[in-house]
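# Architecture and fold: a report
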Amino acid sequence: MGNRLSKIYTRTGDDGSTGLGDGSRVRKDAARVGAYGSVDELNSVLGMLLTNALPAAMAEELTRIQHTLFDLGGELCIPGMALIEPVDIDWLEQTLDRYNADLPPLKDFILPGGGMAAATCHLARTVCRRAERETVALARAESVRAEVLGYLNRLSDLLFVLARVLARASGAGEVLWQRQHRRPENP
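Residues numbered from 1 in each chain as written. Predicted model: local features only at pLDDT ≥ 70, side-chain atom pairs only at ≥ 80, totals over all residues. Heavy atoms only, no water.

Right, let's get into helix α3 (residues 86-100). Across its 15 residues, α3 extends 21 Å between first and last C-alpha, which sits within 8% of the 21 Å expected from 1.5 Å per residue. What α3 keeps buried is the set Asp88, Ile89, Trp91, Leu92, Thr95, Leu96 and Tyr99. Mapping the buried residues of α3 onto a view down its axis gives an arc of 155 degrees, with all of them on the same face. When the buried face of α3 is taken as reference, the exposed residues oriented beyond 90 degrees from it are Val87, Gln94 and Asp97. Packed against the buried residues of α3 are α2 (56-77) and α5 (146-170). (Helix = DSSP H or I, 4+ residues; strand = E, 2+ residues; numbered from the N terminus. Expected span 1.5 Å × (residues − 1). Buried < 20%, exposed > 50% of the residue type's maximum accessible area, 1.4 Å probe, protein only. Arc of directions from axis to C-beta. Contact = heavy atoms within 4.5 Å.)

What follows covers the pattern of salt bridges. By the definition in use, this model includes ten salt bridges. Across the salt bridge formed by Glu75 and Arg145, the nearest N and O atoms sit 2.7 Å from each other. Highlighted residues: Glu75 in helix α2 and Arg145 in the loop between α4 (116-141) and α5, separated in sequence by 70 residues. Overall, the relative accessible area of 23% leaves Arg145 in the partly exposed class. Across the pair Arg154 and Glu93 runs a salt bridge whose closest N-O atoms are separated by 2.8 Å. Of this pair, Arg154 sits in helix α5 while Glu93 sits in helix α3, and the two are 61 residues apart along the sequence. Residue Arg154 is classed as partly exposed on the basis of its relative accessible area, which comes to 23%. We classify Glu93 as partly exposed; its relative accessible area is 30%. Members of the salt-bridge network, linked through shared partners, are Glu75, Arg145 and Glu147. (Salt bridge = Lys/Arg side-chain N within 4 Å of Asp/Glu carboxyl O.)

Scanning the model with the defined rule gives one aromatic pair in all. A ring pair is formed by Phe109 and Trp177, whose centres lie 5.8 Å apart and whose planes are at 75 degrees; its orientation type is edge-to-face. One end of the pair, Phe109, is in the loop between α3 and β3 (110-111); the other, Trp177, is in the segment after β4 (175-176), and 68 residues separate them in sequence. The class for Phe109 is exposed, based on a relative accessible area of 62%. Judged by relative accessible area, Trp177 falls into the partly exposed class, the value being 34%. Positioned above the aromatic ring of Trp91, the side-chain terminus of Arg64 is 4.0 Å from the ring centre. (Phe/Tyr/Trp six-rings, centres within 6.5 Å; stacked < 30°, edge-to-face > 60°. Lys NZ or Arg CZ within 6 Å of the ring centre and 35° of its normal.)

What follows is about the packing of α2 against α3. Between α2 and α3, whose axes approach to 12 Å, the crossing angle comes to 155 degrees. As far as their axial angle goes, α3 and α2 are roughly antiparallel. The way α2 lies across α3 gives a crossing that is left-handed. For the pair α2 and α3, the contacting residues are Ala57, Met58, Glu61, Arg64, Ile65 and Thr68 in the first and Asp88, Trp91, Leu92, Thr95, Arg98 and Tyr99 in the second. Residues belonging to the contact of α2 with α3 are distributed by class as follows: six nonpolar, two polar and four charged. (Axes fitted to C-alpha atoms, helices over the stretch in contact; angles between N-to-C directions. Parallel < 35°, antiparallel > 145°, perpendicular 65-115°, else oblique. Left-handed = near helix turned anticlockwise from the far one by under 90°. Nonpolar A, V, L, I, M, F, W, Y, C, P; charged D, E, K, R; others polar.)

Spelled out as structure tokens, the structure:
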């Protein structure tokens, strides 16, 4: 690891710029900063999810994901860096398949909810999707490795499945979307 922070404020960002991991400076609203900022936000939401009572194996898997997301954010923060590998995506797919195997097939859309852990997992999923969109936008202008995009795409799928698992385990169950809730009552 590079420099350790002994002083938290530096005043170097007061002009609206921030330093990338390679030492270059960019505007704080640059696409690259937006992408790794959303990855950081996703990691924070996963931290919130981990404050819930979760099965031990799931907590370990989410912690592993947090570490990988830190690497992914580092790859986005340091242009040219390669930290996410195909094996990381393979692991997500295997984990997703294992959790999804015991779930009934989807016949309806699911609303976010189903208990605090499931709802927090849905929040993580939506932040993950935003991080993916921002990374796709970055990839239109700058080089982004396919592994980064693949990891975020697969992770949002896994978070959806985990939200389903958590909703069912909580006893609250999945909250199914019902179109008739939008219709006015007939007299």
